[in-house]
There are 6 protein chains.
Amino acid sequence: MLIHLSSWPEIDARLKATKTVVVPIGSNEQHGPTGLLGTDWLCPEIIAHAAETQDDGLVVAPTFNIGMAQHHLAFAGTISLRPSTFMAAITDWVSSLTRHGFERIYFLNGHGGNVATIEATFSEIYAEWSFVEERPPFALKLVNWWDLPGVHRLCTEIFPKGHGMHATPSEIAVTQAAYPDRIKTADYSPQIAPVGPIRDALDYRARFPDGRIGSDPAQASPEKGQRIIDAAVPALLADVKAFSGEVAP
Amino acid sequence: MLIHLSSWPEIDARLKATKTVVVPIGSNEQHGPTGLLGTDWLCPEIIAHAAETQDDGLVVAPTFNIGMAQHHLAFAGTISLRPSTFMAAITDWVSSLTRHGFERIYFLNGHGGNVATIEATFSEIYAEWSFVEERPPFALKLVNWWDLPGVHRLCTEIFPKGHGMHATPSEIAVTQAAYPDRIKTADYSPQIAPVGPIRDALDYRARFPDGRIGSDPAQASPEKGQRIIDAAVPALLADVKAFSGEVAP
Amino acid sequence: MLIHLSSWPEIDARLKATKTVVVPIGSNEQHGPTGLLGTDWLCPEIIAHAAETQDDGLVVAPTFNIGMAQHHLAFAGTISLRPSTFMAAITDWVSSLTRHGFERIYFLNGHGGNVATIEATFSEIYAEWSFVEERPPFALKLVNWWDLPGVHRLCTEIFPKGHGMHATPSEIAVTQAAYPDRIKTADYSPQIAPVGPIRDALDYRARFPDGRIGSDPAQASPEKGQRIIDAAVPALLADVKAFSGEVAP
Amino acid sequence: MLIHLSSWPEIDARLKATKTVVVPIGSNEQHGPTGLLGTDWLCPEIIAHAAETQDDGLVVAPTFNIGMAQHHLAFAGTISLRPSTFMAAITDWVSSLTRHGFERIYFLNGHGGNVATIEATFSEIYAEWSFVEERPPFALKLVNWWDLPGVHRLCTEIFPKGHGMHATPSEIAVTQAAYPDRIKTADYSPQIAPVGPIRDALDYRARFPDGRIGSDPAQASPEKGQRIIDAAVPALLADVKAFSGEVAP
Amino acid sequence: MLIHLSSWPEIDARLKATKTVVVPIGSNEQHGPTGLLGTDWLCPEIIAHAAETQDDGLVVAPTFNIGMAQHHLAFAGTISLRPSTFMAAITDWVSSLTRHGFERIYFLNGHGGNVATIEATFSEIYAEWSFVEERPPFALKLVNWWDLPGVHRLCTEIFPKGHGMHATPSEIAVTQAAYPDRIKTADYSPQIAPVGPIRDALDYRARFPDGRIGSDPAQASPEKGQRIIDAAVPALLADVKAFSGEVAP
Amino acid sequence: MLIHLSSWPEIDARLKATKTVVVPIGSNEQHGPTGLLGTDWLCPEIIAHAAETQDDGLVVAPTFNIGMAQHHLAFAGTISLRPSTFMAAITDWVSSLTRHGFERIYFLNGHGGNVATIEATFSEIYAEWSFVEERPPFALKLVNWWDLPGVHRLCTEIFPKGHGMHATPSEIAVTQAAYPDRIKTADYSPQIAPVGPIRDALDYRARFPDGRIGSDPAQASPEKGQRIIDAAVPALLADVKAFSGEVAP
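Please read these numbers as outputs of a predicted model, since none were measured by experiment.

Asks: Could you clarify how one ought to interpret the pairing of strand β1 (residues 20-25) of chain B in this entry?
Replies: Every other side chain in a regular strand lies on the same face of the sheet, so the side chains alternate between the two faces. Residues and elements named next belong to chain B. Within β1, 6 of the 6 residues are buried, which leaves it mostly tucked inside the rest of the structure. In this sheet, strand β2 (residues 104-109) lies alongside β1 in parallel orientation, the contact comprising 6 bridges. Residue pairing in the sheet places Val21 in a bridge with Ile105 of β2.

Spelled out as structure tokens, the structure:
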């Protein structure tokens with residue numbers, strides 16, 4: 001059940017059966033010479049929507065499409081929230097969803113650069129309760145789609161060399177499977193991009209001139225992307241089920 | 001050109017031809033017994049994407065899908081930002097887009113409840129420049145899709161009675177045209193919903209028990225929605241063109 | 001009853017009879033070559049105090065004299081709050097007044113540029129309650145003095161041409177009625193000022209060199225101002241009475 | 001020259017002669033059984049306006065009438081900003097006034113409870129410059145009206161017993177001189193109110209049941225108030241002149 | 001009992017006997033040509049730890065070592081919080097300590113520049129309770145170590161000339177007593193530093209080129225420092241005892 | 001060179017030789033039945049100070065002793081900043097240190113729970129520069145002391161079983177080496193504490209009743225702690241040297 005394509009009475013009714021909601025969350029940022037700017041929010045959306053197709057019991061929120069991408073701002077099309085803004089926005093999403101009775105908020109994340117801020121936000125949210133000796137009526141969970149059981153291993157099997165950390169062939173393949181008419185090609189060199197620390201936007205662009213980090217994305221194909229999606233979907237369903245079934249200590 | 005389905009070199013190249021970007025912005029909130037929760041962000045997205053199909057020169061950002069909907073929070077599925085959060089997020093979008101050289105940011109809005117906060121945000125952004133006697137290198141514009149020239153008149157022609165202010169047949173028709181397999185029906189009464197002031201969420205639910213304000217949305221149909229879209233698209237293209245051509249005084 | 005000229009036991013006693021308070025709110029900003037910088041906070045103060053003289057039952061708070069005027073900052077004497085500051089301040093006024101038992105806070109506004117931020121603030125305040133499923137023990141209302149029943153019509157009757165939107169003859173007339181020894185004259189041209197969009201301060205000054213928008217304020221006179229005040233006072237008293245009598249749904 | 005009763009061209013012209021502006025600042029809060037709620041903003045306004053009458057060269061801003069009065073909130077009619085809000089608002093006033101070229105901002109304060117927050121605000125404002133190794137083009141000064149040379153001594157001469165710290169006979173006398181038709185009387189006991197620490201609002205009310213601290217305000221009279229005003233006015237003019245003439249090191 | 005050198009069960013047990021905690025608070029900032037940068041946080045730490053050695057019943061929190069020192073930022077080694085940050089941090093310390101059941105938080109302060117911001121913070125904290133008509137379950141107290149009964153008098157007895165206001169011989173003597181191997185000497189002139197207003201960092205450095213204000217710190221010696229400590233310790237223990245014994249009104 | 005035990009001219013002189021500063025950063029939080037509440041800020045302080053003893057060229061800031069520990073707040077003595085406060089404070093430390101010319105700020109961290117927030121803060125700081133297309137004149141680095149080359153391996157060699165994640169024998173051993181007179185013992189069971197997710201404070205206490213996660217801290221001894229310190233010190237010096245020598249791309 002996709003929230004944005006449902007009516008409120010439908011969500012109201014579904015809340016009798018489940019208290020868990022999945023929020024695809026990512027970033028809109030450069031993904032090298034060939035990757036889509038939307039890659040990081042499209043991937044979790046693609047996987048979550050595919051899972052929902054298989055199991056209508058899965059409640060999926062609209063996609064949180066802009067995250068923390070300050071280091072990519074020297075590349076056109078990147079849109080970033082400051083961490084403090086990102087924290088405020090996630091907090092309001094959580095306040096809204098728990099207001100309706102959702103007790104488990106599962107963030108399926110598509111951007112490594114989001115992780116620190118999302119975790120800091122969880123602490124900010126929990127702190128309100130921890131300072132006053134009350135238990136929040138909800139639990140929050142963050143999972144990167146590539147960390148779903150089995151997925152990362154599959155990605156490195158398919159792309160044993162040049163997987164890298166940004167504009168990876170696996171994430172680009174996932175978008176190719178979903179948007180085959182948007183596949184782009186480009187000459188780039190070196191074949192495998194350099195690696196290094198991530199700091200501000202100009203430092204990033206100086207280190208990684210075409211945007212890639214450690215990756216060779218030309219290896220991507222829609223078929224490989226579909227294999228990854230097919231592995232991720234059951235893993236997601238199983239993980240969400242386990243989260244839904246957790247008993248508070 | 002949809003930013004999220006483009007690569008950064010494509011956006012970089014396009015910035016040589018245009019400095020204008022359209023941001024569809026809306027809200028995810030209850031739309032009565034039959035309307036989609038995503039209605040208010042789907043409508044501007046539908047219209048902007050249709051316009052982009054006709055004129056690839058139009059640069060469209062990802063959709064800003066969560067807005068200010070505190071008054072709808074007593075209905076399941078609604079997600080709202082506090083105005084202060086909304087302001088911070090819009091500010092960061094503007095900072096990101098202008099960082100790349102966009103000089104005209106055109107917000108195509110789908111939610112009346114967003115208007116005050118978006119305008120307050122524009123003032124917050126401009127104030128940074130006004131306090132220091134500098135001119136910002138950009139201009140901001142907010143247009144509700146129903147206020148595009150000719151559109152509101154068409155809506156009231158098609159729905160002379162029971163158009164109302166929330167969960168209107170025209171906005172629901174637009175979503176029906178785009179998502180015909182998601183059309184929902186429900187019995188509701190009275191046929192035309194009541195009207196009244198908008199305050200907090202429980203007050204709202206007490207006044208408007210099924211969520212509608214002044215509307216009779218069952219009049220909607222995909223065909224009517226398509227007529228509205230067909231009117232809105234050229235109006236949007238013309239309005240964006242005029243904005244792009246504005247000369248600063 | 002003017003709060004600032006009363007003692008706390010007097011307000012305490014009055015709260016047994018009424019739960020409504022009127023807050024005159026405006027802005028201190030340029031009003032063209034002849035208008036007083038205080039025009040926008042003086043007008044609602046003049047009207048509210050005149051109403052209190054007629055009906056001592058009306059409780060009037062001190063005047064909130066600085067609002068959102070970033071676009072006027074290129075003209076000397078303008079003082080503006082950023083929208084975010086304005087929101088925080090209004091919130092604290094409301095928290096203070098409701099702390100004492102006031103249940104209806106009626107903002108009588110004198111500045112169009114305040115409207116978006118005040119409405120956003122109302123949403124910010126209500127959101128605290130909407131997120132937690134509680135009803136606030138108060139209602140908030142914003143009314144521009146020229147939108148009091150009959151007033152705008154009277155203004156356009158008196159000034160059929162060149163009323164405009166900023167530094168209007170009607171608001172200047174109101175201040176002339178109250179401060180006849182502060183009437184100023186100046187040569188200006190064109191007789192009727194231009195109109196256009198409102199953005200940052202330097203853009204504003206470039207478009208509207210002497211500060212007026214669409215107005216010809218030399219038509220103002222103390223007598224005309226008194227007629228407007230005389231129309232506004234009973235309209236305000238009636239509107240406040242209706243607000244006080246509202247029954248929550 | 002009162003800013004709010006001037007036009008912008010008048011202020012513009014005056015800025016050629018002086019770069020100093022006086023901001024009367026106070027609080028709207030209970031002042032015991034007989035004092036006006038506006039006492040703390042009326043006193044500096046009365047003194048500053050009297051000074052402006054004597055020397056039209058003195059530029060006086062509108063009165064900043066709501067300050068930090070959280071401890072008085074258990075008494076009806078008190079309106080308080082949180083310190084953080086107060087800081088933001090003062091910052092915006094300073095940003096506005098310095099935008100026009102004022103280089104010396106002189107806050108004439110009427111409320112002891114404001115002092116800590118105003119000083120913290122000055123540091124917050126200066127810190128922006130201190131962190132970046134630049135000098136601000138302005139200086140800020142805070143003076144309580146009773147600390148103007150000679151004034152406090154006069155007050156304790158007139159009221160050698162029961163002057164106290166809150167709802168003092170001297171501040172009430174000043175308002176009586178200006179608003180003789182608003183003089184109030186009440187029985188209270190003990191004649192001289194208790195003293196003690198200031199904390200939250202309920203603690204305050206428990207310690208100081210009628211609102212006074214250490215004072216016996218019934219000693220006030222309009223004549224005594226006028227003597228205080230007459231002493232404060234030249235002291236203010238001299239102090240502002242000295243501040244205007246300061247040479248940066 | 002020093003919290004940071006205790007285990008949580010030890011603090012838990014101690015809370016049965018006392019509800020009071022002392023927080024040494026200061027600043028890390030230049031202290032003239034010979035003073036340690038840590039002087040202002042070392043002094044209250046030295047005194048509080050010495051007191052704890054004499055009376056293990058005294059619960060002492062870790063030292064809050066960075067305060068409000070924006071005016072010293074033109075001297076290397078100074079670290080300052082903005083007042084707004086300082087307020088947020090103190091608030092969180094108070095929230096944490098009161099969460100455990102401490103009901104009296106006693107800040108032993110070592111930096112005059114902290115006073116305004118700490119007091120503003122107390123008001124910010126209390127305001128949360130004052131706006132909602134509840135009593136906080138705690139009381140806050142701020143005492144500068146030199147204001148402990150008898151201490152300031154002793155300091156001026158020991159240093160009748162050239163005590164001054166910053167980099168005073170008494171505070172430097174206290175650190176010399178505790179860190180005798182860190183005593184520094186330097187030539188400076190004039191012997192007694194100038195005095196003047198405190199504004200931004202560059203203004204400060206221009207007025208006070210070596211950092212001192214009004215002081216002649218070469219008079220300090222470890223022996224004099226020990227006398228001061230010996231006077232401060234019993235004064236602190238007595239003052240904390242009195243605070244602990246206060247009965248709420 | 002310890003900043004807090006130096007004078008400003010000493011730091012000023014040292015800045016000619018090095019632009020790097022080490023900031024020990026940790027948390028004050030429960031560390032199981034035997035660990036010191038200060039463990040997480042004492043460990044990096046112990047290691048950094050030991051390194052400074054060996055190489056006086058190392059500039060060490062005061063210890064940032066309170067971090068993000070909301071999940072430990074159900075245990076007495078824990079003091080936590082909210083993530084947003086922590087971010088503001090780190091930002092001000094960085095602003096202060098870079099104001100003096102430090103170009104490399106190296107945070108030596110002692111608390112895993114700090115990592116997300118510190119990284120989010122780095123992004124918040126960098127974002128200011130990334131949005132405006134400027135390079136910051138500094139680089140930031142975060143290293144947990146146990147992640148210094150060779151240290152974690154040594155810890156797991158010494159404690160092959162029951163090292164765990166919180167209140168580990170290695171961190172407790174480090175504090176025992178430095179504070180041998182503060183060694184505490186306690187009976188606890190199970191010998192090896194459970195593991196699980198970290199959420200709010202009451203959830204934490206329910207899962208981990210004595211505060212430990214996965215650890216058996218009774219294995220600690222001062223000698224083992226000294227071995228760890230002896231391994232960490234040269235690793236720190238080498239890592240700082242490498243960071244100082246980095247050339248910007």
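Picking up where we left off.
Asks: Would you mind going over the relation of the copies chain B and chain D with me for this structure?
Replies: One copy of the chain maps onto the second through a rotation about an axis and a displacement along it. It takes a turn of 120° to lay chain B on chain D, together with a shift of 0.0 Å along the axis; the resulting RMSD is 0.0 Å. Both copies of the chain, as the preceding transformation shows, are related through a three-fold rotation axis. Closest approach to the rotation axis within chain B is made by the C-alpha atom of Glu128(B), at a distance of 8.2 Å.

Asks: Before we go on, may I ask you to explain the nonpolar core in this structure?
Replies: Note that soluble globular proteins tend to have their nonpolar side chains buried in a common cluster. Residues Trp145(C), Leu148(C), Trp145(D) and Leu148(D) are the most contacted members of the largest nonpolar core, which totals 78 residues. Here Trp145(C) is in contact with Cys43(C), Pro44(C), Ile47(C), Leu108(C), Asn109(C), Gly110(C), Val151(C), Cys155(C), Ser170(C), Glu171(C), Val174(C) and Ile228(C), once residues within four sequence places are set aside.

Asks: What exactly am I supposed to notice about the packing of aromatic side chains here?
Replies: Given two aromatic rings, one states the distance between the centres and the angle between the planes to describe the pair. Residues and elements named next belong to chain B. Inspection of the entire model under this criterion finds 54 aromatic pairs over all chains. A ring pair is formed by Tyr106 and Phe243, whose centres lie 6.0 Å apart and whose planes are at 55°; its orientation type is tilted. Residue Tyr106 is found in strand β2, and its partner Phe243 is found in helix α8 (residues 222-245); the two are separated by 137 residues along the sequence. Like Tyr106, the residue Phe243 is buried in the burial classification.

Asks: Please clarify how the relation of the copies chain D and chain C should be interpreted in this entry.
Replies: Here chain D sits on chain C after a turn of 180° about the axis and a move of 0.0 Å along it, with an RMSD of 0.0 Å. Expressed as an axis order, the relation between the two copies is that of a two-fold axis. Taking C-alpha positions as reference, the residue of chain D nearest the rotation axis is Thr85(D), located at 3.4 Å.

Asks: Before we go on, may I ask you to explain the arrangement of the chains in this structure?
Replies: Between chain B and chain E there is no contact, and the shortest C-alpha to C-alpha separation is 18 Å. What separates chain C from chain F at the closest point of their C-alpha atoms is a distance of 18 Å, and the two make no contact.

Asks: In this structure, what is going on with the side chain of His100(B)? I would like to understand it.
Replies: On the secondary structure map, His100(B) appears in the loop between α3 (83-99) and β2. Owing to a relative accessible area of 13%, His100(B) belongs among the buried residues under this scheme. Within the structure, His100(B) has its side chain in polar contact with the backbone nitrogen of Gly77(A) (distance 3.4 Å). In terms of polar contacts, His100(B) uses its side chain to reach the backbone carbonyl oxygen of Ser96(B), at 3.4 Å.

Asks: Got a minute to help me understand the environment of Gly35(A) in this structure?
Replies: By secondary structure assignment, the location of Gly35(A) is in the loop between β1 (20-25) and α2 (39-54). In this structure Gly35(A) comes out as buried when scored by relative accessible area, which is 0%. Note: C-alpha distance between Gly35(A) and Ile105(A) (70 residues apart in sequence) is 29 Å. Setting aside residues no more than four positions away along its own chain, Gly35(A) makes contact with Ile172(A), Ser6(B) and Ser7(B).

Asks: Before we go on, may I ask you to explain the state of the cysteines in this structure?
Replies: Put plainly, two cysteines are in a disulfide when a covalent bond ties their sulfur atoms together. Per the stated rule, a full pass over the model turns up 0 disulfides over all chains. Free of any disulfide, Cys155(C) has its nearest cysteine sulfur in Cys43(C), 9.6 Å distant.

Asks: When you look at the sheet that holds strand β1 (residues 20-25) of chain D in this model, what are you seeing that I'm missing?
Replies: Strand pairing in a sheet takes place through backbone hydrogen bonds and is either antiparallel or parallel in direction. All names here are of chain D. Taken in spatial order, the 3 strands of this open sheet run β1-β2-β3, and their pairing is parallel. For this open sheet the edge positions go to β1 and β3 (139-144), each flanked by a neighbour on one side alone. Direction aside, the axes of adjacent strands within the sheet are offset by 20° on average. Across the sheet, helix α2 (residues 39-54) lies against β1 and β2 (104-109), angled at about 150° from β1, the strand it touches most.

Asks: Help me understand the environment of Thr78(E) in this model?
Replies: In this structure, Thr78(E) sits in the loop between α2 (39-54) and α3 (83-99). Thr78(E) sits in the buried class, given a relative accessible area of 0%. Taking the C-alpha atoms as reference points, Thr78(E) and Arg212(E), separated by 134 residues in sequence, lie 14 Å from one another. In this structure Thr78(E) touches Asn28(E), Glu29(E), Gln30(E), Leu37(E), Ala69(E), His72(E), Leu73(E), Ser96(F) and His100(F), once residues within four positions along its chain are discounted. Of note is the side chain of Thr78(E), whose polar atom sits 3.0 Å from the backbone oxygen of Phe75(E).

Asks: Mind showing me how you'd approach the confidence of the model for chain A here?
Replies: Detailed conclusions should not be drawn from predicted coordinates in areas where pLDDT is low. When the pLDDT values of chain A are averaged, the result is 98; 100% of them are 70 or greater. As a predicted assembly, this complex carries a pTM of 0.98 together with an ipTM value of 0.98.

Asks: Can you walk me through the interface of chain D and chain C in this structure?
Replies: When the parts of a complex come together, some accessible area is lost, and that lost area is often used as the size of the interface. Each partner contributes to the interface: chain D provides 56 residues, whereas chain C provides 56 residues. Seen at the junction of chain D and chain C, the total is 4 salt bridges. For Glu10(D), the salt bridge is made with Lys184(C), and the minimal N-O distance between the two is 3.1 Å. Scanning the region where chain D abuts chain C turns up 22 residue pairs in polar contact (both at pLDDT 80 or more). At the level of secondary structure, the elements contributing two or more residues to the side of chain D that touches chain C comprise α1 (8-14), α2, α3 (83-99) and α7 (201-207) of chain D. If one sorts the elements of the side of chain D that touches chain C by residue count, α3(D) sits on top with 9 residues.

Conventions used here
Residues numbered from 1 in each chain as written. Chains lettered and ligands numbered in written order. Predicted model: local features only at pLDDT ≥ 70, side-chain atom pairs only at ≥ 80, totals over all residues. Heavy atoms only, no water. Buried < 20%, exposed > 50% of the residue type's maximum accessible area, 1.4 Å probe, protein only. Helix = DSSP H or I, 4+ residues; strand = E, 2+ residues; numbered from the N terminus. Pairing = 2+ DSSP bridges. Least-squares fit on C-alpha atoms with pLDDT ≥ 70 in both. Core = buried A, V, L, I, M, F, W, Y, C linked by side-chain atoms within 4.5 Å. Contact = heavy atoms within 4.5 Å. Phe/Tyr/Trp six-rings, centres within 6.5 Å; stacked < 30°, edge-to-face > 60°. Polar contact = N/O pair within 3.5 Å; in protein donor to acceptor, adjacent residues only side chain to side chain. Disulfide = S-S within 2.5 Å. Axes fitted to C-alpha atoms, helices over the stretch in contact; angles between N-to-C directions. pLDDT = per-residue confidence, 0-100. Salt bridge = Lys/Arg side-chain N within 4 Å of Asp/Glu carboxyl O.

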